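# A closer look at the structure
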Amino acid sequence: MMNNAFALAGIVIKELYRRKDFYVLFILTALLTLLLGSINFFNEQNIARYVKEFCLLLIWIASLVIAVTTTARQIPAEREQRTIFPLLAKPVSRGDLIFGKFLGCWIASGIVLVVFYVFFAVITGAREHHIHVAAYFQAFWMHWMMLGVVVGMVLLGSIVFAAPSSNSTISFVVILGILLVGRHLNKVADSLAEPTSSILYTVYYVIPHLEFYDLRDLIVHNAGSAPWWAVGVATIYAMVYAALFQFVAWMTFRRKALN
Amino acid sequence: MAEVIKVEKLTVEFPAGGAGQQTKVAVKNLNLTVSSGEVFGFLGPNGAGKTTTMNVLLGFVNPTSGSASIFGVDVRQPIARQRIGYLPELTYYYKFLTAEELLRFYAKVFRIPKDQVESRIDEVLKLVELEHARKRLIKTYSKGMQQRAGLAQALINDPDLLILDEPTSGLDPIGRMKVREIIQRLKNEGKTVFFSSHELGEVETVCDRVAILNQGELKVTGRVDDLVRENQMNLEKIFLEMIGYKSPVTV
Ligand SMILES: Nc1ncnc2c1ncn2[C@@H]1O[C@H](COP(=O)(O)OP(=O)(O)OP(=O)(O)O)[C@@H](O)[C@H]1O
Ligand SMILES: [Mg+2]
């Protein structure tokens, strides 16, 4: 299982660095950040904060685009290009395939994040002459855990919806929906009549709360780090959801006829 | 002789393609055994059910009823595929990988010991004559070269059973001859080869036994030389007779 999954993950990572998407997004993020940083019309204090905020927003967008599009095309591409046949004709189970693709996409997103966060640390370090390493590491780690949930979700989507483009679109809508309104659903539910209220409450408890993983404010405002136990709990929470999505993906894919 | 492939009462139905359509029976109550060391030709016109049968053997498609096993292991177990080499009907490989990277990946899946991987890759690339192109992306290969890369991946684990779906389709006469030589060579090494083909002349020269399938049903199976002797005609004529073909000229 692990042997096959790592072999498959290696292929996903190789694909990522042989395609142009990542380089383009990184260069775009870097250029836009540097451009904004070079404009000096606010006072010193504010511009530093805006640059950080802006750079982190770009990193979030770019990482989500890479994670979602990379994951969404994996299994559909295997099927369309028919590489799945020689692959599954080897002692590779369908569970190995799903777990390997998950691992590959997740590790690839992690590598992308490391590059982005190092860039971010260099930029802010140059301006502030000091970086809060623990806080930055937490922000990176939580971001990466969130991408684990995203990758699991999109992988499931790629088995349910055959077309990668519709899967990507639906995934983006769901992810943005959770990030923007996820935390308010319970309050909205309170203000509604039954049965809508209960339904909304259920949704609130069932969805993976990706917004927990957003520690941008802490590093933008140099507000210290989060408690480590909370990071630990969030890590477990993310792994449970990622595993759940993979399990459902496997159940759906397990007996599917391929041809 | 040990049975390498055993198919019992295999039926495969596909759901209707559209409203008002009946379910499509691709394979009907098929019984088939392939013994160790045999070269077995699996014949039938387009749509006869050859690829579908192979898809069941590889676990891609589930039987509607009946069963299939390889080396005595039910085909639904991934371990049944440890000693198989498979060449699909249409070969496409990861576009961003070179031939040697592809083979390295598959070697890993088969858990070939690290110190043997490179020599094994050299060996199969030499066998299919792709050494000169090993560092090129497979997507830049010609069709025949891709087919040979496909054969190389099928051989990477030194399999005891090869399942080849139309291995010579799309190859030039020299390419075909080379595939025949490879099959012959594998046979001499004691391997079992199960392949489908439309090239009856070729089948007649390399196969020990054949089965002819028509519309999902087994029409005949037996040793090539026995069939030719008993029927007093070549394999092509037997094939046409078995599938009920009447030449419009003679009718
Ligand atoms: N997924 C599917 N859904 C519906 N029908 C299918 C499906 N796959 C195959 N069939 C049908 O099953 C029958 C057998 O197809 P199969 O591909 O096994 O034939 P074949 O013997 O390999 O033919 P060829 O020589 O053309 O490769 C055909 O009638 C085909 O249309
Ligand atoms: Mg076929």
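Provided above is the structure to which this section pertains.
Counting starts from 1 at the beginning of each chain's written sequence and moves along it residue by residue. Written order decides the labels, with chains lettered from A and ligands numbered from 1. With pLDDT at 70 or above as the cut-off, local features in this predicted model cover only qualifying residues; side-chain atom pairs require 80 or more to be listed or tallied, and sums for whole chains, interfaces and linings still use all residues. Each side-chain value is derived from all of the structure's non-hydrogen atoms; neither hydrogens nor water enter the calculation.

## Side note on helix 9 (residues 196–206) of chain A
Residues and elements named next belong to chain A. Note the cut-off: Note on exposure labels: buried denotes an accessible area under 20% of the residue type's maximum, exposed denotes more than 50%, and partly exposed covers the range between, all computed with a 1.4 Å probe on protein chains only. Put simply, DSSP H or I for four residues or longer makes a helix, DSSP E for two residues or longer makes a strand, and each gets a number counted from the N terminus. To be clear, the arc concerns the directions from the helix axis to the C-beta atoms. By definition, residues are in contact when any of their heavy atoms lie within 4.5 Å.
Listed in full, the buried residues belonging to helix 9 are Ser197, Leu200 and Tyr204. The buried residues of helix 9 all sit within an arc of 70 degrees when viewed along its axis, so they share a single face. Of the exposed residues in helix 9, those oriented more than 90 degrees away from the buried face are Ile199, Tyr205 and Val206. Those residues of helix 9 that are buried lie in contact with helix 8 (185–190).

## As for the packing of aromatic side chains
For any pair of aromatic rings, the description rests on two quantities: the centre-to-centre distance and the angle between the ring planes. Residue and element names in this part refer to chain A. Test applied: Pairing of aromatic rings covers Phe, Tyr and the six-membered ring of Trp, with a centre-to-centre limit of 6.5 Å; geometry is then stacked below 30 degrees between planes, edge-to-face above 60, and tilted otherwise. Both a distance and an angle decide whether a charge sits over a ring: NZ of Lys or CZ of Arg must be within 6 Å of the ring centre and within 35 degrees of the ring normal.
The final tally for this structure, using the stated rule, is 26 aromatic pairs over all chains. Seen in terms of ring centroids, Phe140 and Trp144 are 6.3 Å apart; in terms of plane orientation they differ by 15 degrees. Their pairing is stacked. Of this pair, Phe140 and Trp144 both sit in helix 6 (residues 133–160), 4 residues apart, roughly one helical turn. Phe140 gets classed as buried once you look at its relative accessible area, which sits at 12%. Note on Phe212 and Tyr237: the rings are 5.9 Å apart at their centroids and 45 degrees apart in plane angle, and the pair reads as tilted. One end of the pair, Phe212, is in the loop between helix 9 and helix 10 (216–220); the other, Tyr237, is in helix 11 (residues 228–253), and 25 residues separate them in sequence. Judged by relative accessible area, Tyr237 falls into the partly exposed class, the value being 24%. Three or more aromatic residues link up through ring pairs in this structure, and these residues are Phe102, Trp106, Tyr117, Phe137, Phe140, Trp141 and Trp144. Its end group placed over the ring of Tyr50, Arg49 keeps NZ or CZ at 5.3 Å from the ring centre.

## Quick notes on the site of ligand 1
Definition in use: Nearness here has a simple test: a residue counts as near a molecule or strand if at least one of its heavy atoms is within 4 Å of that partner. Polar contacts here mean pairs of N or O atoms no more than 3.5 Å apart (in protein, one a potential hydrogen donor and the other a potential acceptor; neighbouring residues in sequence count only if both atoms are side-chain atoms). Note that accessible areas follow from Shrake-Rupley with a 1.4 Å probe, and for residues the cover is restricted to the protein chains shown. Residue classes follow a fixed rule: Ala, Val, Leu, Ile, Met, Phe, Trp, Tyr, Cys and Pro count as nonpolar, while Asp, Glu, Lys and Arg count as charged, and any other residue, Gly among them, counts as polar.
Of all residues adjacent to ligand 1, which total 15 residues, the nearest are B:Gly47, B:Lys50, B:Thr51, B:Thr52 and B:Glu89. One finds residues of chains A and B in close proximity to ligand 1. In the model, an oxygen atom of ligand 1 is placed 2.9 Å from a nitrogen or oxygen of the B:Asn46 side chain. Between ligand 1 and B:His198 there is a distance of 2.9 Å, counted from an oxygen atom to a side-chain nitrogen or oxygen. Surface burial for ligand 1 is 70%, taken as the share of its 640 Å² of free accessible area covered by protein chains. Contributing elements (two or more residues each) for the shell around ligand 1: strand 2 (24–35) and helix 1 (50–57) of chain B. Sorting elements by how many residues they give to the shell around ligand 1 places helix 1 of chain B first, with 3 residues. Split into classes, the residues belonging to the shell around ligand 1 amount to 4 nonpolar, 7 polar and 4 charged.

## Description of the coordination of the magnesium ion (ligand 2)
Residues and elements named next belong to chain B. For clarity, the cut-off: The donor set comprises N, O and S atoms within 2.8 Å of the metal, extended to 3.2 Å for Na, K and Ca; water molecules are omitted, so apparent gaps in a site may simply reflect that omission.
Here the magnesium ion (ligand 2) is held by the protein donor atoms Thr51 (OG1) and Glu89 (OE), which lie 1.9 to 2.4 Å from it. With Thr51 in helix 1 and Glu89 in the loop between strand 6 (84–87) and helix 2 (99–109), this residue pair connects regions lying 38 residues apart in the sequence. Assessed through its relative accessible area of 22%, Thr51 is described here as partly exposed. Assessed through its relative accessible area of 31%, Glu89 is described here as partly exposed.

## Details of the interface of chain B and chain A
Our working rule: Buried area: the accessible area, evaluated with a 1.4 Å probe, that two parts lose upon being put together, summed over both parts. Counted as salt bridges are all cases of a side-chain nitrogen of Lys or Arg within 4 Å of a carboxyl oxygen of Asp or Glu.
With 29 residues of chain B at the interface, the matching set in chain A holds 28 residues. Interface area for chain B against chain A, summed over the two sides, is near 2,800 Å², with a carbon-plus-sulfur share of 61%. At the junction of chain B and chain A, the tally comes to 2 salt bridges. Note that A:Lys14 and B:Glu101 form a salt bridge whose closest N and O atoms lie 3.9 Å from each other. Our enumeration of links across chain B and chain A arrives at 12 residue pairs in polar contact (both at pLDDT 80 or more).

## Concerning the nonpolar core
Put simply, the rule is: Only buried Ala, Val, Leu, Ile, Met, Phe, Trp, Tyr and Cys residues count toward a nonpolar core, and they belong to the same one when joined by side-chain atoms within 4.5 Å.
By size, the foremost hydrophobic cluster in this structure holds 169 residues, and its most contacted members are B:Ile163 and B:Phe194. In terms of residue count, the dominant contributor to this core is helix 6 of chain A (17 residues). Apart from the residues within four sequence positions on either side, B:Ile163 is in contact with B:Met54, B:Leu57, B:Leu58, B:Ile70, B:Ile84, B:Gly85, B:Tyr86, B:Leu87 and B:Phe194.

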